[in-house]
Amino acid sequence: MAKLGKLNKYGQEGQKIILEFEQGRAQIEVLTPYIVNVFYDPEKERVPSKAIEGSKSVSVNLALEEKKDGLWIHTGQVSVRVCDDFYVDFFDKDGREVCLDYRGERRPLERVSSSLLEQEGHSAAASVQQCKIQAVKQLKPSLHFYGLGDKTGFLDKRHYDYEMWNTDNPAPQVDCFKALYKSIPFFMALDDTHVYGLFFDNTFKGYFNMGQESEEYYWFGAEGGSLDYYYIAGDSMPEVLSGYTYLTGTAPLPQKWTLGYHQCRWGYVTQEDVEEIARNMRENDIPCDVIHFDIDYMQDYKVFTWNQERYHNDPDSFLDRLFRDGFKTVVINDPGVKQEEGYPIYDEGVKEGYFAKTPEGEVYINAVWPGAAAFPDFGNPKVRRWWGRNQKFLLDRGVRGIWNDMNEPASFNGPLPQDVVFMDGDRESTHGELHNVYGHFMAKAAYEGLKEFDGRRPFVITRACYAGSQKYSTAWTGDNCSIWAHLQMAIPQLCNLGLSGMPFVGTDIGGFGADTTPELLARWVQVGCFSPLFRNHSALGTRKQEPWQFGKEVLDIYRKYVKLRYRLIPYFYDLFYEEERTGAPIMRPLVFQYEKDRTARTCNDEFLVGGNILVAPVVQPGTDKKMVYLPEGVWYDYWTGARLTGPAWFVKDAPLDTCPVYVKGGSIIPVMEPQSYVGEKPLEELMLEVYPGEGSYDHYLDNGEDFAYREGKYHQYHFEVTEEGHVTGEVVHAGYGEPYKRILVCRRGGRGPEGAPWEELAAGCF
Ligand code: GLC
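Here's a quick rundown of the structure. Since this is a predicted model, take the numbers as computed values, not measurements. (Residues numbered from 1 in each chain as written. Predicted model: local features only at pLDDT ≥ 70, side-chain atom pairs only at ≥ 80, totals over all residues. Heavy atoms only, no water.)

Topic: the side chain of Asn37
(1) Moving on: Following the sequence through the fold, Asn37 ends up in strand 4 (residues 35-40).
(2) Moving on: With a relative accessible area of 0%, Asn37 lands in the buried category.
(3) Moving on: Among the polar contacts listed, one links the side chain of Asn37 to the side chain of Arg46, at a separation of 3.1 Å.
(4) Moving on: Apart from residues lying up to four places away in sequence, Asn37 is in contact with Gln27, Ile28, Glu29, Leu31, Arg46, Asp228, Tyr229 and Tyr230. (Helix = DSSP H or I, 4+ residues; strand = E, 2+ residues; numbered from the N terminus. Buried < 20%, exposed > 50% of the residue type's maximum accessible area, 1.4 Å probe, protein only. Polar contact = N/O pair within 3.5 Å; in protein donor to acceptor, adjacent residues only side chain to side chain. Contact = heavy atoms within 4.5 Å.)

Right under this line is the structure:
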């Protein structure tokens, strides 16, 4: 909110309403009947959004109305009231208040010893002062907040305050952390009557105070840039999220193998280390599609090099052998380019002016893994192309995916000063403005390079990101620890990332730092196998964390859940297809589907995979029972077939090998026989596990690899199930050359653990 004085006049330019106040101009733009942008900048030209590509405006019949209490803009779905001082209020189509600017006095929290707290950067008062621009909104008593990216803590963000400043803090990440690696300044607000989203598209260091300072208001602001936010209306959370991903994009359908199991460790140094992992995976019958290579594959941590000695001077043949055994190679790639004359990447970067500079025009140097290093200026499209092209070196070795790390950017010699010069397109900018989009631009560079030089659907993983990074990259949650608190946190953190438009996410299974325990790993894989990115990773110097390091019991449990994941890959793939079209995440908090259910709104230790599967994992040590909450409707216990009716709480026996899983009545779940890796055997039959109840399901099939599906080369099937569990189906789109030869159905739910015998669905049905 900016105190702009009286609203003197206004004008309309298309769907933009230009507002002339006593002390400045502001603007409201209606993009769709559901999405309204609020913009004010006292100083500058509007800089192009980093999150939103292209115009998102559709034609809307606006109605303007001058009333005593302000200027009203009606979109058909939303009414906006603009008042003096640029107070902006949002109402629903029936004129009910939804999101109002707060008019009262701000009362920053009183602190006992504010000087000490300010030194530590924790004072709310301090952040208020640092904010050049901010918006303060009324806080209704029962409002819950979701989203905000990868913040620590629990699902509902009410009562907490956060910062948007991509941060690599190696300390164990606990609830009072204000910022982690990602800055996604979007949240959804939900109460009994409404849900709405606010996306504050500002890349400067930002603050989100979600009712920590006051029970009467919440606020967000930033240290620079414009007041530029989008109000997103909708009748449900899925609709609001779909509005947000309409603006910032959805994650494109990935290659199917990326949904398999990934094994990683910082400490696989030589070819022999990797060979041993690959051999053990197959010998222990743990399906695995991907092995990740951490920094030691490089020569002296120099990007776009390969340590020849450690790979017997022939990494290409080794990667090829791995591939023939079903393992895809993903390699880490850090932005810091070693400062070393004679190293072509460094020399070329200096010569072409591709690195960030000091205000005096020198190449800016800090330190990362290779020691002294320069930082590619990814805001410059030429640099992105250069970087993307250099990835060809890795592709030529046989690499199939790129893991972008340290791209906050992290630096070992203190943080980069705010005034380091970066380019924003062809405009000179600063680290202060572009810090939060450094990882975003690096991901874009990686994605575009892979798309051009590999041609298949790019697989990129990033640690740092901004709103909209989902278009280019998956993400993992960085350096967690092998502690139970981090297994617990994984659920709300991944769910909130999904609600922030980042659907393809995962945590380091087993925990990155510190030594895991057999029990913790066994419980973690039970969560991990249901999370979109399924990767075990651990830090140098910690206890080995591969599935076979903990004895037979843990190995058997690990195998059971990796195989369960592989069984469900067709279901996961369908969810990704749905996500690309609607923005609905794969891993969903219960509230996403059951927003009227008050228990669901704060449920931190259960989640849904798509709309049909509910997972209630054990996330406490030493327990073999789980209190499970099932929302309304009929649910079937996945393991026993028992029929349960919600909303209700149940106590489920959950010994170490049991993760409680439930399937909604009326579900059709496509599964496949687990394989050692995706594509090991051709998929000739579709297997449908069916749970009685009225329902329908769309199943999607394509070659799982390239972009041919965008030209219609895919098959889509529509199935329906009745109360008695009877299934019918049809092909609704036939464009894929190798559809299934048979469709098999197994009626489960209420029929014991195995369900009824598999039966072939009559050919005429599809
Ligand atoms: C960072 C990454 C971690 C990686 C390590 C070494 O800490 O977050 O995943 O293993 O760097 O590259």
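Additional details are given in the paragraphs that follow.
A word on the environment of Asp235
(1) Moving on: Within the secondary structure, Asp235 sits in the loop between strand 18 (227-233) and helix 3 (237-248).
(2) Moving on: Judged by its relative accessible area of 55%, Asp235 is exposed.
(3) Moving on: Considered as a pair, Asp235 and His194 are 41 residues apart in the sequence and their alpha carbons are 7.4 Å apart.
(4) Moving on: Residues within four places of Asp235 in sequence aside, it is in contact with Val195 and Glu595.

Let's talk about the site of the ligand
(1) Moving on: Inspection of the region around the ligand gives Trp266, Asp294, Ile295, Ile332, Trp369, Trp403, Asp405, Arg463, Trp476, Asp479, Phe512 and His537 as its neighbouring residues.
(2) Moving on: Within the contact set of the ligand, an oxygen atom lies 3.0 Å away from a side-chain nitrogen or oxygen of Asp405.
(3) Moving on: At 2.5 Å, a side-chain N or O of Asp479 approaches an oxygen atom of the ligand.
(4) Moving on: When the ligand is considered free in solution it has 310 Å² of accessible area, and contact with the protein chains removes 97% of it.
(5) Moving on: With respect to the detected pockets, the ligand is housed in the second largest pocket. (Near = heavy atom within 4 Å. Areas by Shrake-Rupley, 256 points an atom, 1.4 Å probe, with all protein chains shown as cover. 1 Å grid on protein atoms, 1.4 Å probe; cavity = no way out; pocket = protein on both sides within 12 Å on 5 of 7 lines; lining within 4 Å. Sits in = over half its atoms within 2 Å of the grid points.)

So, the layout of surface pockets
(1) Moving on: Approximately 620 Å³ is the volume attributed to the largest pocket.
(2) Moving on: Residues belonging to the lining of the largest pocket are distributed by class as follows: twelve nonpolar, five polar and nine charged.
(3) Moving on: Structurally, the lining of the largest pocket is a two-domain feature, drawing no fewer than three residues from each of domain 2 (256-476) and domain 4 (668-765).
(4) Moving on: In this model, the second largest pocket occupies a volume close to 510 Å³.
(5) Moving on: Every residue lining the second largest pocket is counted, 31 residues in all, and those nearest its centre are Asp168, Pro170, Met406, Ala410 and Arg463.
(6) Moving on: Broken down by class, the residue content of the lining of the second largest pocket amounts to 16 nonpolar, nine polar and six charged.
(7) Moving on: Taken together, domain 1 (7-110 + 127-248) and domain 2 (256-476) each give at least three residues to the lining of the second largest pocket, which thus spans both. (Points joined across faces, edges and corners; volume = space filled by probe spheres on them. Nonpolar A, V, L, I, M, F, W, Y, C, P; charged D, E, K, R; others polar. Domains from an automatic or database assignment.)

Section: the packing of helix 11 (residues 484-499) against helix 12 (residues 518-528)
(1) Moving on: Where helix 11 meets helix 12, the closest approach of the two axes is 10 Å, and the angle between their N-to-C directions is 5°. If you check the angle between helix 11 and helix 12, you find them roughly parallel. Mapping the contact onto sequence places Trp484, His486, Leu487 and Ile491 in helix 11 and Glu519, Leu520, Arg523, Trp524 and Val527 in helix 12. (Axes fitted to C-alpha atoms, helices over the stretch in contact; angles between N-to-C directions. Parallel < 35°, antiparallel > 145°, perpendicular 65-115°, else oblique.)

Topic: a nonpolar patch on the surface
(1) Moving on: Among the surface-exposed residues, Met627, Trp649 and Val651 lie close enough to one another that they form a single nonpolar patch of about 340 Å² accessible area.
(2) Moving on: Within the fold, Val651 resides in strand 38 (residues 643-653).
(3) Moving on: Judged by relative accessible area, which is 58%, Val651 ranks as exposed. (Patch = residues over 30% accessible without salt bridge, like charges linked within 9 Å, V, L, I, M, F, W, Y side chains within 5 Å. Salt bridge = Lys/Arg side-chain N within 4 Å of Asp/Glu carboxyl O.)

Topic: the environment of Glu724
(1) Moving on: If you trace the backbone, Glu724 turns up in the loop between strand 43 (715-721) and strand 44 (727-734).
(2) Moving on: Relative accessible area serves as the criterion here: at 60%, Glu724 is assigned to the exposed category.
(3) Moving on: Here the alpha-carbon distance between Glu724 and Tyr691, two residues 33 residues apart in the chain, equals 9.0 Å.
(4) Moving on: For Glu724, the contacting residues outside a window of four places in its chain are Pro692 and Arg751.

Here we look at the pattern of salt bridges
(1) Moving on: Tallied over the entire structure, the rule returns 52 salt bridges.
(2) Moving on: The closest approach of N and O atoms between Arg81 and Asp69, which form a salt bridge, is 3.1 Å. Note that Arg81 is positioned in strand 7 (residues 78-83) and Asp69 in the loop between strand 5 (63-67) and strand 6 (70-74), a separation of twelve residues in sequence.
(3) Moving on: Taking the shortest distance from any N to any O, the salt bridge between Glu685 and Arg742 comes out at 2.7 Å. With Glu685 in strand 41 (residues 685-690) and Arg742 in strand 45 (residues 742-747), the pair connects residues that are 57 residues apart, well separated along the chain.
(4) Moving on: For Arg742, a relative accessible area of 32% puts it in the partly exposed group.
(5) Moving on: Bridged by salt links that share partners, the residues Asp168, Asp405, Glu408, Arg463 and Asp479 form one connected network.

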